[in-house]
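Commentary on secondary and tertiary structure
If you want the building blocks of each chain, they are given just below.
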2 protein chains.
Amino acid sequence: MVAGDTAKRNLTKVRILDATEQLVAEQGFDSVSLRDITNGAGVNVAAVNYHFGSKEKLYEAVQCRYINPVNEERLELLEKVLAEGGGVREILEAFMRPFLTMVTRSKMSEQLFFKLMGRCIMDHNASLSEEMIPLFRQMSGAYTKALASAFPEMPVDLLLWRLHFSFGVMANTLLHGDVLIKFTDGACGEPDFETNVQRMVDFCYAGFVAEGGDPR
Amino acid sequence: MVAGDTAKRNLTKVRILDATEQLVAEQGFDSVSLRDITNGAGVNVAAVNYHFGSKEKLYEAVQCRYINPVNEERLELLEKVLAEGGGVREILEAFMRPFLTMVTRSKMSEQLFFKLMGRCIMDHNASLSEEMIPLFRQMSGAYTKALASAFPEMPVDLLLWRLHFSFGVMANTLLHGDVLIKFTDGACGEPDFETNVQRMVDFCYAGFVAEGGDPR
DNA sequence: GTCTATAAAGAGATAGAC
DNA sequence: GTCTATCTCTTTATAGAC
């Protein structure tokens, strides 16, 4: 195999991934057919099964493409925050900011990219990919531990639910931020995600330190 | 038409609704076929189209069956809270508690019922039914107004986003509460929804009164 | 590695008998 | 109001030519 073959193979593969993430962001995992995808990518219908094995595996590739780097960056940022003696606010920011870093790696608009991310973390019908579970467990374990250190007197179950609540705040903003904008006829403004990260961190930080908590 | 006919027609219709909500709660709107439904209900395949017109309209009926009463009860509770001079905490509780009232009207287990509710408010692929939009707008308008009175100095856009965050907390708990339980191997406990409502109210109340807010 | 052609299964919907 | 039988369309996947 020569370099040109690899380049061409990767081109087709990447075209499929790009088309899939665009269509999935717009319509959801369950509403997109292989023909939609191959038409969008300008490749033959058989190409998906040749390059990915099945539609399901293509979907796993789409999910892992960004979610795994997001979880890696979450781990890196958390380490940095803890090394610098950061508190709960910084921990929560480390949890939410990586989506903002990752958007620059995609060809999609910010709005569509966040929609895709929301679908990846919320549409558990379309197979929560096995390939992302270990990293996800590691990441959530590290954050749980960090928050448990910050709130030594908070019962673990309460802490886990508050982390889950924070996850819900973020996921709903990613997935349905556009719905709020349409539903309020723009009265909520059209904040960029940087603004939303700050607002979400403020909101969840206050929720974490609420009665029962023991903030550092 | 005699009473018996009506009873029998309603029986079939209700059997279809019951089977559909059970299957949708378990598998999601996009993963259930008409044959799954009619098998589950013990009725003929043609019955769905006879009684509901189409699969889509059946889904709208399933969504409206509980979501409309939930939104009505939210409005009633809010009126009562405001009449009694309740504050932000009580307003948030009025927003979240109706799911707990409604679960008793269903044949499903609590866990499955909340899963169904989560799907109804989060799966916007499967058609956000036109029939529930007016009530939904009225309800969210009333809550926005009540919260705006409680936080007269908070910019409206921030207030709307904090309400959206609260919605995310609740929706994620309804839809993915079971995921947290499995994912943490039970370390989060298995709290009943009453406990979760209190925790969500605590969390969101603190989020609302965080810096920038002006609590009553 | 890419194409055409097609297989095989399953979907939603409905005509017409009862 | 309910049933059987069937229509029509779409889906994923693949065999085999190039």
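Each remark here, short or long, concerns the structure printed above.
The rules behind the values
Residues numbered from 1 in each chain as written. Chains lettered and ligands numbered in written order. Predicted model: local features only at pLDDT ≥ 70, side-chain atom pairs only at ≥ 80, totals over all residues. Heavy atoms only, no water. Helix = DSSP H or I, 4+ residues; strand = E, 2+ residues; numbered from the N terminus. Buried < 20%, exposed > 50% of the residue type's maximum accessible area, 1.4 Å probe, protein only. Lys, Arg positive; Asp, Glu negative; His and termini not counted. Salt bridge = Lys/Arg side-chain N within 4 Å of Asp/Glu carboxyl O. Polar contact = N/O pair within 3.5 Å; in protein donor to acceptor, adjacent residues only side chain to side chain. Contact = heavy atoms within 4.5 Å. Buried area = accessible area lost by both parts, 1.4 Å probe. Nonpolar A, V, L, I, M, F, W, Y, C, P; charged D, E, K, R; others polar. Axes fitted to C-alpha atoms, helices over the stretch in contact; angles between N-to-C directions. Parallel < 35°, antiparallel > 145°, perpendicular 65-115°, else oblique. Left-handed = near helix turned anticlockwise from the far one by under 90°. Least-squares fit on C-alpha atoms with pLDDT ≥ 70 in both. Phe/Tyr/Trp six-rings, centres within 6.5 Å; stacked < 30°, edge-to-face > 60°.

**Some details on the side chain of Arg74 of chain A**
Residues and elements named next belong to chain A. By the secondary structure assignment, Arg74 is in helix H4 (residues 55–83). Within the buried core, Arg74 has no salt-bridge partner, and the shortest N-O distance to an opposite charge, that of Glu73, equals 8.9 Å. At 2.9 Å, the side chain of Arg74 forms a polar contact with the side chain of Asn71. With residues up to four places along the chain from it excluded, the contact list for Arg74 reads Ala94, Phe95, Pro98, Phe99, Met139, Tyr143 and Met170.

**A closer look at the environment of Lys13 of chain B**
Inspection of the secondary structure assignment puts Lys13 of chain B in helix H1 (residues 3–27). Not counting residues up to four positions away in its chain, the partners in contact with Lys13 of chain B are His51 and Phe52 of chain B.

**Brief notes about the interface of chain B and chain A**
Across the contact, 51 residues belong to chain B and 51 residues belong to chain A. Interface of chain B and chain A: buried area, both sides summed, is about 4200 Å²; carbon and sulfur atoms make up 65% of it. Remark: the boundary between chain B and chain A carries four salt bridges. For the salt bridge of Arg199 of chain B with Asp157 of chain A, the shortest nitrogen-to-oxygen distance reads 3.2 Å. Counting across the interface, chain B meets chain A through 12 residue pairs in polar contact (both at pLDDT 80 or more). Where the side of chain B that touches chain A is concerned, the elements lending two or more residues are helix H7 (110–122), helix H8 (133–150), helix H9 (156–183) and helix H10 (193–208) of chain B. Ranked by residues supplied to the side of chain B that touches chain A, first place goes to H9 of chain B with 21 residues. The residue inventory of the side of chain B that touches chain A, partitioned by class, reads 24 nonpolar, 17 polar and 10 charged.

**Some points on the packing of helix H5 (residues 88–96) of chain A against helix H10 (residues 193–208) of chain A**
All names here are of chain A. Between H5 and H10, the least distance of the axes is 9 Å, while the angle of their chain directions is 135 degrees. Here H10 runs oblique to H5, going by the angle between their axes. In this structure, H5 meets H10 at a crossing whose hand is right-handed. Taking contact as the criterion, the partners of Val88, Arg89, Leu92, Glu93 and Met96 in H5 are, on H10, Phe193, Val197, Gln198, Met200, Val201, Asp202, Cys204, Tyr205 and Phe208. Of the residues belonging to the contact of H5 with H10, the class tally is 10 nonpolar, one polar and three charged.

**Looking at the relation of the copies chain B and chain A**
The two copies are related by a screw motion: chain B maps onto chain A through a turn of 180 degrees and a shift of 0.0 Å along the axis, at an RMSD of 0.0 Å. Look at the turn and shift together and you get a two-fold axis relating the two.

**Considering the pattern of salt bridges**
Opposite charge on two side chains allows them to pair when their charged atoms are near. Applying the stated criterion across every chain, the model contains 20 salt bridges over all chains. A salt bridge links Lys115 of chain A to Asp178 of chain A; the nearest nitrogen and oxygen atoms lie 2.9 Å apart. In this pair, Lys115 of chain A is assigned in helix H7 (residues 110–122) and Asp178 of chain A in helix H9 (residues 156–183), connecting sequence segments 63 residues apart. Of the two residues examined, Lys115 of chain A and Asp178 of chain A, each falls in the buried class. Note that Glu194 of chain B is salt-bridged to Arg97 of chain B, the shortest N-O span being 2.9 Å. With Glu194 of chain B in helix H10 and Arg97 of chain B in the loop between helix H5 (88–96) and helix H6 (98–102), this residue pair connects regions lying 97 residues apart in the sequence. A single network of salt bridges, built from pairs that share partners, joins Asp18, Glu21, Arg65 and Lys107 of chain A.

**Some remarks on the packing of aromatic side chains**
Residue and element names in this part refer to chain A. Tallied over the entire structure, the rule returns 25 aromatic pairs over all chains. Plain terms: the ring middles of Phe95 and Tyr143 are 5.3 Å apart, the flat faces sit at 65 degrees to each other, and that makes the pair edge-to-face. Here Tyr143 lies in helix H8 (residues 133–150) and Phe95 lies in helix H5, a separation of 48 residues in the sequence. Looking at Phe95, the relative accessible area reads 4%, which means it is buried.

**With respect to unusual backbone geometry**
Residues and elements named next belong to chain A. Located in the positive-phi region is Asp185, a residue other than glycine, with phi close to 50 degrees. Its place among the elements puts Asp185 in the loop between H9 and H10. For Asp185, a relative accessible area of 68% gives the class exposed.

**Describing the packing of H4 of chain A against H5 of chain A**
Residues and elements named next belong to chain A. Two numbers describe how H4 lies on H5: the axes approach to 8 Å, and their chain directions differ by 160 degrees. For the element pair H4 / H5, the angle class is roughly antiparallel. When the axes of H4 and H5 are compared, the crossing they make is right-handed. Contacts between H4 and H5 involve Arg74, Leu77, Leu78, Val81 and Leu82 from the first element and Glu90, Ile91, Ala94 and Phe95 from the second. Of the residues in the contact of H4 with H5, the class split is seven nonpolar, no polar and two charged.

Limitation: the analysis is restricted to geometry and does not speak to function.
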